[in-house]
Amino acid sequence: GFGVARSICFVGAGFVGGPTAAVIAYHNPHIQVNVVDLNEERIKSWNSAHLPIHEDGLLKVVRAARDGTVEKTIALPGLPRAIELKQRQPNLVFSTRVVDAIEEADIIFICVNTPTKTHGIGAGSMADVSAIESATRTVAKHAKQGAIVVEKSTVPCGTAQMIQDILRYYRPDVEFEVLSNPEFLAEGTAVENLMHPDRILIGSAQTLAGLRAAAVVKDVYGAWVPAARIVTVNTFSSELAKLVANTMLAQRISSINAVSAMCEELGLGADVEDVSLAIGKDARLGSNFLQAGVGFGGSCFEKDILNLAYLARELHLDVVADYWLAVLRMNEDQRQRFARNVVRELNGSLRGKKIAILGFAFKDGTNDTRNSIAVHVIKDLAMEMPREIAIFDPGCASAEIREEIEKAGLTPSQLERIKILTNWRECVQEASAVCILTQWKQFRGRKLGSGNKKAPKLAIAWAKSCVADKVDISEMDILALEELARDKS
Ligand code: UGA
């Protein structure tokens, strides 16, 4: 029956499962938390000091819950800071023992990948839920009576129902409650987002059993999240809300990017950053996610917009589908326009010229090179056959940058001209244009960024001041760049 959870299992030790499990374990020392994954390498990494994902503060939380070692920094006046180590009972285990962990669990969080389908029906827009299906089959076979199954992965609406159907098929005799509890953490701030969430969303069936199950999961989060921030709704609303949240965030970016295009063509000194500042002061609009730039990257926004639009299309709501898809269309146009602007500023041809790219990660503060806007821009520029495209990123490994670029489908002679450098000076030396494609704080320049607190990312509006003979590297924050070079070496 339902009561208080004593054992929780996370299926999938990826970007969502790992950090979420660690923070839940950290705040619930009385609950045993097992994270399982079939990938042995990944589990090995979770059990080491080199976690498979780099997030601020993650190692500290993992050390506390996994090893029982709590670090506390003590600052006494007049004395150097000291670190005090305390012990607690470890309650977080990473392993490949999937069946054992599932058998024991009162709550099972499914945190496996749901990439966009690459072939067959719905290729390029529908989410591939086969990893969820197979995880659910394993859960169905081994979970104990009354276990609560929670879908944590971002999924198409209706997936909770699918999970419920699979469970019923394998165990018609047992009632399982299936909940939706979408994740809202962003890359680079995962631990902060988990520790201080804006909200925790729990969707359940509105039956007595469903509401009880929701209450059990609510208790787990209640260990550190104020009750007012825990929102409970029905399952379908919860699934939909996740997709809508990401789509609306992306829509804000596309909206401000549309404004940046207009500012640019208008001339007359209209500045998208001023517009952004001005409208952000309206409490109804708010100031977040209003930074114009080269467009949004990352693995979530595009996928979730496609997902939402696919649902609309299936419901024969073509206008609605097109409405959401315009957010993506705008994003694509923004990055293409950026590349076009660079070419135009260089008098229509890149032949014989060197182009410098500062920043490759899809956003600052991460080393994630996947789904980066940079790769699209570089591809467009490479088509113009410049003498060289030099790339520098303060966070990304050269090999990973290379790998991403190789996937972009360039010809060997285009690839040959692309150099990945570990020194920013060498990167910008003799370049006809410097393109800042990630908003790393180090790239913030007085001239380029027009003020310290403002967007450091090369917005389209910046392109002009940044291209060709207009670029003056001495105007950039040289000190910050020096620091950056030191960090990197
Ligand atoms: C996003 C959401 O922010 C999370 O809430 C959500 O949980 C997550 O997706 C997910 O579904 O897993 P993430 O993709 O990690 O998180 O990163 P964001 O910080 O949202 O940035 C996405 C892109 O938008 C980046 O390329 C960023 O540079 C760009 N962006 C962001 C802008 O161009 N302008 C802005 O004002 C803000």
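Thresholds applied
Residues numbered from 1 in each chain as written. Predicted model: local features only at pLDDT ≥ 70, side-chain atom pairs only at ≥ 80, totals over all residues. Heavy atoms only, no water. Helix = DSSP H or I, 4+ residues; strand = E, 2+ residues; numbered from the N terminus. Contact = heavy atoms within 4.5 Å. Near = heavy atom within 4 Å. Polar contact = N/O pair within 3.5 Å; in protein donor to acceptor, adjacent residues only side chain to side chain. Areas by Shrake-Rupley, 256 points an atom, 1.4 Å probe, with all protein chains shown as cover. Nonpolar A, V, L, I, M, F, W, Y, C, P; charged D, E, K, R; others polar. UniProt positions renumbered as here; feature names shortened; annotations may be inferred. Buried < 20%, exposed > 50% of the residue type's maximum accessible area, 1.4 Å probe, protein only. Axes fitted to C-alpha atoms, helices over the stretch in contact; angles between N-to-C directions. Parallel < 35°, antiparallel > 145°, perpendicular 65-115°, else oblique. Left-handed = near helix turned anticlockwise from the far one by under 90°. Phe/Tyr/Trp six-rings, centres within 6.5 Å; stacked < 30°, edge-to-face > 60°. Lys NZ or Arg CZ within 6 Å of the ring centre and 35° of its normal. Pairing = 2+ DSSP bridges. Right-handed = clockwise from strand over helix to strand, strands pointing away.

1. Topic: the environment of Gly14
Residue position: Gly14 is located in the loop between strand S1 (7-11) and helix H1 (17-27). Sequence separation of Gly14 and Ser204 is 190 residues, and the distance between their C-alpha atoms is 24 Å. In this view, Gly14 contacts Pro19, Asp37, Arg42, Trp46 and Ile53; residues no more than four positions away in its chain are not counted.

2. Comments concerning the site of the ligand
Contacts to the ligand come from 19 residues, most closely from Leu185, Glu187, Lys242, Asn246 and Phe362. In the environment of the ligand, an oxygen atom lies 2.7 Å from a nitrogen or oxygen atom belonging to the side chain of Asn246. Coverage of the ligand by the protein amounts to 89% of the 720 Å² it exposes when considered alone. Tallying contributions element by element places helix H9 (residues 235-266) first for the shell around the ligand, with three residues. Broken down by class, the residue content of the shell around the ligand amounts to ten nonpolar, four polar and five charged.

3. Some points on the UniProt feature "binding site: NAD(+)" (unreviewed entry) in the chain
As annotated in UniProt, the feature "binding site: NAD(+)" (unreviewed entry) corresponds to Asp37, Arg42, Thr114, Thr154, Glu187, Lys303 and Arg370 in the numbering used here. These residues run over 334 residues, and the two farthest C-alpha atoms among them are 24.1 Å apart, placing them at more than one spot. Tracing the backbone through its elements, the reader meets Arg42 in helix H2 (residues 40-46). For Thr154, the location among the structural elements is in the loop between strand S7 (148-151) and helix H6 (159-170). Judged by its relative accessible area of 14%, Thr154 is buried. Not counting the four nearest positions on each side in its chain, Thr154 is found in contact with Thr114, Lys242, Leu243, Lys303 and Asp304.

4. A closer look at the packing of H9 against helix H10 (residues 272-280)
Relative placement of two packed helices is described by the angle separating their axes and the distance separating the axes. Contact pair H9 / H10: the axes reach a minimum separation of 9 Å and the direction vectors enclose 135 degrees. The orientation of H9 with respect to H10, classified from their angle, is oblique. H10 is crossed by H9, and the crossing has right-handed handedness. Taking contact as the criterion, the partners of Ile256, Val259, Ser260 and Cys263 in H9 are, on H10, Val272, Val275, Ser276 and Ile279. Its residues assigned to classes, the contact of H9 with H10 comprises six nonpolar, two polar and no charged.

5. What about the packing of aromatic side chains?
Under the definition given, this model contains seven aromatic pairs. Measuring from centroid to centroid gives 4.9 Å for Trp46 and Phe94, while their planes differ by 5 degrees, and the two rings are stacked. Of this pair, Trp46 sits in helix H2 while Phe94 sits in strand S5 (residues 92-95), placing them 48 residues apart in sequence. This pair shows no difference in class: Trp46 is buried, exactly as Phe94 is. For the ring pair Phe296 and Phe301, a centre distance of 5.6 Å and an interplane angle of 80 degrees mean the geometry is edge-to-face. When sorted by exposure, Phe296 lands in the same class as Phe301, which is buried. Among the aromatic side chains, those forming a connected cluster through ring pairs are Phe289, Phe296 and Phe301. It is Arg199 that lies over the ring of Phe184; its NZ or CZ is 3.5 Å from the centre.

6. Some remarks on unusual backbone geometry
One non-glycine residue, Phe289, adopts positive backbone phi at about 55 degrees. Examined against the element boundaries, Phe289 turns out to sit in the loop between H10 and helix H11 (301-314). Assessed through its relative accessible area of 40%, Phe289 is described here as partly exposed.

7. Details of the packing of H9 against H11
Look at H9 against H11: their axes get within 9 Å of each other, and the N-to-C directions meet at 115 degrees. Pair H9 / H11 crosses with left-handed handedness. For the pair formed by H9 and H11, the contact residues are Leu240, Lys242, Leu243, Val244, Asn246, Thr247, Leu249, Ala250 and Ile253 on the first element and Phe301, Asp304, Ile305, Asn307, Leu308 and Leu311 on the second.

8. Considerations on the pairing of S7
Covered by surrounding structure in S7 are Ile148 and Val150 together with Val149 and Glu151, the residues of both alternating faces. Note: strand S6 (residues 107-110) against S7, four bridges, orientation parallel. Within the sheet, the bridge partner assigned to Phe109 lies in S7 and is Val150. Following the backbone out of S6, through helix H5 (residues 130-142) and into the adjacent parallel S7, one traces a crossover that is right-handed. Pairing geometry for S7 and strand S8 (residues 177-180), over four bridges, is parallel. Along S8, the bridge assignment pairs Val150 with Leu179. A crossover connection joins S7 to the parallel S8 through H6; in handedness this β-α-β unit is right-handed.

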